[in-house]
Amino acid sequence: MAASTSSAAAQNTSTLPSVSAVDSLKSASWALRNTVPEEAVRLARMGVAMAREIGYEKGMAMNLQCMAAAHRTLGRSDSAKVELQEALSICERTEDWPGVIGCCQKLAGLYTGQGEVSNALEVLQRAEDLAKKGGTEEELARTLNLKGAALQVAGRYEEAIRPYFESINIRKRTGSDALANSYVDLGGLYLDMGRNKEAEELYGNMVTDARKANDPAMLAKGYLNYSAVMNAEGRHRELKQYADSALTAFLANKDRPGATKAYLNRSLAEQHLGDLSSARQDLDSAIAGYRAIGNQGGLAKACQNMASLLLMQQDAKGALAWCDEGLSIARANGLRAERSSLLKTKGEALRALGRLDEALAVMRSYVQLKDSLIGERTTQQLASAEMKEKYDAVERIAELEQMKVARDEEQALKEERTRERNLLLIAAAVLVLLLGLLIRNLRNRRKLAVQERQLHEKRITELLHQNEVQVLNAMMQGQDEERKRVAKDLHDRLGSMLSAIKHQFSAMEVRMVSLHQVQGEQYQKVCGLLDEAVGEVRRISHNMVQGALVDSGLPKALQDLRESIQMKGRLEVELVLFGLEKRMERATEIGVYRIVQELVANALKHARPTELSIALTRGGNSLSIIVSDNGTGFDPNELNDGIGMENVRSRVEQLNGSLQIDSSPGNGSTFSIEVPIPA
């Protein structure tokens, strides 16, 4: 309704400026100063301009005071000072002494809120002098109450008691509605001084007086301040009870500022009692109330309480945000005590977040501000309490410094471990890479080994085939040479003999007559020649039957076999021959050679040896053949005879010999053969 009135007033003044329009703008602005401060500033500015236009200086002063009040709500203290000082000058010029007293009181409240106590006391002394000379008793009581508040902020508690009591006495005598405010302020002083019992007694008197006077507003304030005493005493259940009673009374009286304080006090009780959910709800209500009424001091305190609550709920990040908001309000309004509490809570929040460097800086700022506040205190009791709080903070700083050192050491250790981990990861990666390369190399080597084995087997097969071919070539070459020798022998020896026989028979024809004379002698001679020819033919026939093996002998054939299969660095072949100087039968030598050749071929194809031994020993009427290798070996019981082993067994049986096999997987093989040799 005030806003609509102001709008109407603004429309009227735009056409016909008047004193009533200026007063209407002042009233509307004053009504909106706490709830809609920006609109209040706009209306008051219009009122100042309109009053200046019509020369209405009192109207200018009143609207300037309204504008200052709205600016204070907005936290614009410097603007508020300028406006109040201008209003004070106008009131002094027009000799409006009640206006001067009002401006001094408002300036004092502004100075006190910013900690400028000397300026506050200076303007209050002027207001007190004016009130005593010609002002009302209520103006004097209010000035004395403000003086007590300024001295209280300065820490001059003993001095503050007197003006508070004077204010109470005046208001009790005059029956002022503001008596409750004096009780509240003096009780707050006692609480600050640590004189809780005196504060409790004072608030008890306040409640008694309120009941006698049937004053619900004073009764509500009495309950509220009783709750403050309970909080100071740590009696949290009683704190909640009195805060509940105060809240009920304030809500019934539609006293929003009082209800807001009651919400704040009840949230403190619930927080201490562990009902954090209810505490959060009440704090939200208190913060909304302080924002609405523009109580910056109460809002800063509520922000600090919310931050403390969030710290209890392990929400350090949220607590930090509330601390920053409260500090912004405290700095803008010169609320040094509230700023001190907020700095302490912010330090705790930063510590919980692990931001130790910032926490140290904030706690040092807190101690510095605390030193300043302690220096302003004059009572020994309070100074002791403040010093204890300061020393607690100093100890906390030392603890934070230790935590920072520990944190730095832990960080260094973590960095070292990170470096070690990175090195291990790099080493592992290199190892995996090397392992991959090794596996790849092994696979390639296996592949090459398979190919090499295949090539080796192919080479062995080719060597054996080549050996066979060489043997066959040798045999064929021997046959050719044998044929040539036979032809020559037949031509040179048998031919000449037969020619001689023919010549003898020709002679016999010439001397046929006398044949009968010498028949016996000639006949014997011819017969002898024929016998000799037959023997020669027999010898030639025997020689023709001999192959290359029989011609060169078994030892030479075995040596040729050894040389054909031996490969330096891959296969070493040992050949041991004993007692083979005397030739054996052709069939025996051929059979023995074929047995050795077959065993060697099997070893090279299947066992993949690097060492091979061939030993032939002749003793008495037997020949011992031993062929051994260091190859893969096999289980003789599981031997699945192939063509090679079948050939070996067959040839051994043809020679009436015996075969023994000694082998196992991974331990090579040894073949032992005994062959009887005729004497």
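Residues numbered from 1 in each chain as written. Predicted model: local features only at pLDDT ≥ 70, side-chain atom pairs only at ≥ 80, totals over all residues. Heavy atoms only, no water.

### Things to note about the overall build of the chain
What counts is decided by this rule: Runs of E in the DSSP output that reach at least two residues are strands. Runs of H or I that reach at least four are helices, and both are numbered from the N terminus. Exposed residues in this analysis have more than 50% of their type's maximum accessible area, buried residues have under 20%, and partly exposed residues fall in between, with area computed by a 1.4 Å probe over protein chains only. Accessible surface area values rest on a Shrake-Rupley calculation with a 1.4 Å probe, where residue burial reflects the displayed protein chains alone.
Helix and strand content of the chain: 25 helices and five strands. A buried classification covers 43% of the 679 residues belonging to the chain. When the accessible surface of the chain is summed, it comes to about 36000 Å², and 52% of that surface belongs to carbon and sulfur atoms.

### Comments concerning the sheet that holds strand 2 (residues 611-619)
As a reminder of what qualifies: Here the rule is simple: two strands pair whenever DSSP picks up at least two bridges between them. Lines fitted to C-alpha atoms define the axes here, with helix axes fitted over just the stretch in contact, and angles between the N-to-C directions of these axes take values from 0 to 180 degrees. Residue contacts are counted whenever heavy atoms from the two residues lie within 4.5 Å of one another.
Across the sheet, five strands lie side by side as 1-2-3-5-4; this open sheet has mixed pairing. The open sheet has two edge strands, strand 1 (572-578) and strand 4 (658-663), and neither has a second partner. For this sheet, the mean angle separating the axes of adjacent strands, direction not counted, is 10 degrees. Inspection of the sheet shows strand 1 paired to strand 2 by seven bridges, in the parallel sense. Paired with Leu577 across the two strands is Leu616, which belongs to strand 2. On the sheet, helix 23 (residues 554-565) packs against strand 1 and strand 2 and is oriented at approximately 170 degrees with respect to strand 1.

### Remarks on helix 24 (residues 586-607)
Short version of the rule: For a helix, the expected span equals 1.5 Å multiplied by the residue count minus one.
Look at helix 24: 31 Å from first C-alpha to last across 22 residues, which is about the 32 Å you get at 1.5 Å a residue. Taken from the residues just after helix 24, Arg608 is the one with a positive phi, measuring 50 degrees.

### Some thoughts on the packing of aromatic side chains
To keep it simple, the criterion reads: Between rings of Phe, Tyr and Trp, where Trp is taken as its six-membered ring, a pair exists when centres lie within 6.5 Å; planes separated by under 30 degrees are stacked, by over 60 edge-to-face, and by other angles tilted. For a Lys NZ or an Arg CZ to count as sitting over a ring, it must be within 6 Å of the ring centre and within 35 degrees of the ring normal.
A full pass over the atoms with the stated rule returns three aromatic pairs. An angle of 35 degrees between the planes, with centres 6.3 Å apart, marks the rings of Tyr223 and Tyr242 as tilted. Taken together, the residues span a long stretch of sequence, with Tyr223 in helix 12 (residues 216-233) and Tyr242 in helix 13 (residues 236-253) at a distance of 19 residues. A relative accessible area of 25% places Tyr242 in the partly exposed class. Site record: aromatic cluster; members linked through ring pairs are Tyr223, Tyr226 and Tyr242. For the cation-ring pair, Arg33 lies above Trp30, with the distance from its terminal atom to the ring centre recorded as 3.8 Å.

### Focus: the packing of helix 10 (residues 179-193) against helix 12
The following threshold applies: For classification purposes, angles smaller than 35 degrees are called roughly parallel, those larger than 145 roughly antiparallel, those between 65 and 115 roughly perpendicular, and all remaining angles oblique. Residue polarity follows a fixed list, in which Ala, Val, Leu, Ile, Met, Phe, Trp, Tyr, Cys and Pro are nonpolar, Asp, Glu, Lys and Arg are charged, and the others, Gly among them, are polar.
Packing of helix 10 against helix 12 leaves a shortest axis separation of 10 Å and a crossing angle of 5 degrees. Relative to helix 12, the element helix 10 lies roughly parallel. On the side of helix 10, the interface is formed by Leu179, Ala180, Asn181, Val184 and Leu191, while helix 12 contributes Met218, Lys221, Asn225, Ala228, Val229 and Ala232. Residue composition of the contact of helix 10 with helix 12, by class: eight nonpolar, two polar and one charged.

### Looking at a nonpolar patch on the surface
Convention followed: Residues qualify for a patch when their relative accessible area is over 30% and they have no salt bridge, like charges being joined within 9 Å and the nonpolar side chains of Val, Leu, Ile, Met, Phe, Trp and Tyr within 5 Å. Each salt bridge in this description consists of a side-chain nitrogen of Lys or Arg and a carboxyl oxygen of Asp or Glu lying within 4 Å of one another.
Together, Leu423, Ile426, Val430, Leu433, Leu434 and Leu437 line one region of the surface with nonpolar side chains, adding up to about 580 Å² of accessible area. For Val430, the position within the fold is in helix 20 (residues 380-510).

### Side note on the pattern of salt bridges
For the structure shown, the criterion picks out 26 salt bridges. One continuous salt-bridge network, built from bridges that share partners, spans Lys240, Asp244, Arg266, Glu270 and Asp282.

### A closer look at the nonpolar core
How we decide: Residues enter a nonpolar core if they are buried and are Ala, Val, Leu, Ile, Met, Phe, Trp, Tyr or Cys, with the set joined through side-chain atoms within 4.5 Å.
Ranked by internal contacts, the top residues of the largest apolar core, which has 121 residues, are Leu186, Leu189, Tyr203, Phe250, Tyr290, Met306 and Trp322. Non-local contacts of Trp322, meaning those with residues more than four positions away in its chain, are made with Ile287, Arg291, Cys303, Met306, Ala307 and Leu310. Leu571, Val592, Val596 and Leu599 belong to the second largest nonpolar core, which has 33 residues in total.

### Brief notes about the packing of helix 16 (residues 296-312) against helix 17 (residues 316-333)
Operational definition: Handedness of a crossing is defined here by the sense of rotation of the near helix relative to the far one, left-handed for an anticlockwise turn of less than a right angle and right-handed for a clockwise turn.
With their axes 8 Å apart at the nearest point, helix 16 and helix 17 run at an angle of 165 degrees to one another. With respect to each other, helix 16 and helix 17 are oriented roughly antiparallel. Helix 16 and helix 17 meet at a crossing whose hand is left-handed. Only Ala316, Gly318, Ala319, Trp322, Cys323, Glu325, Gly326, Ile329 and Asn333 of helix 17 make contact with helix 16, whose side of the interface consists of Gln296, Leu299, Ala300, Cys303, Met306, Ala307, Leu310 and Leu311. Of the residues assigned to the contact of helix 16 with helix 17, the class counts are twelve nonpolar, four polar and one charged.

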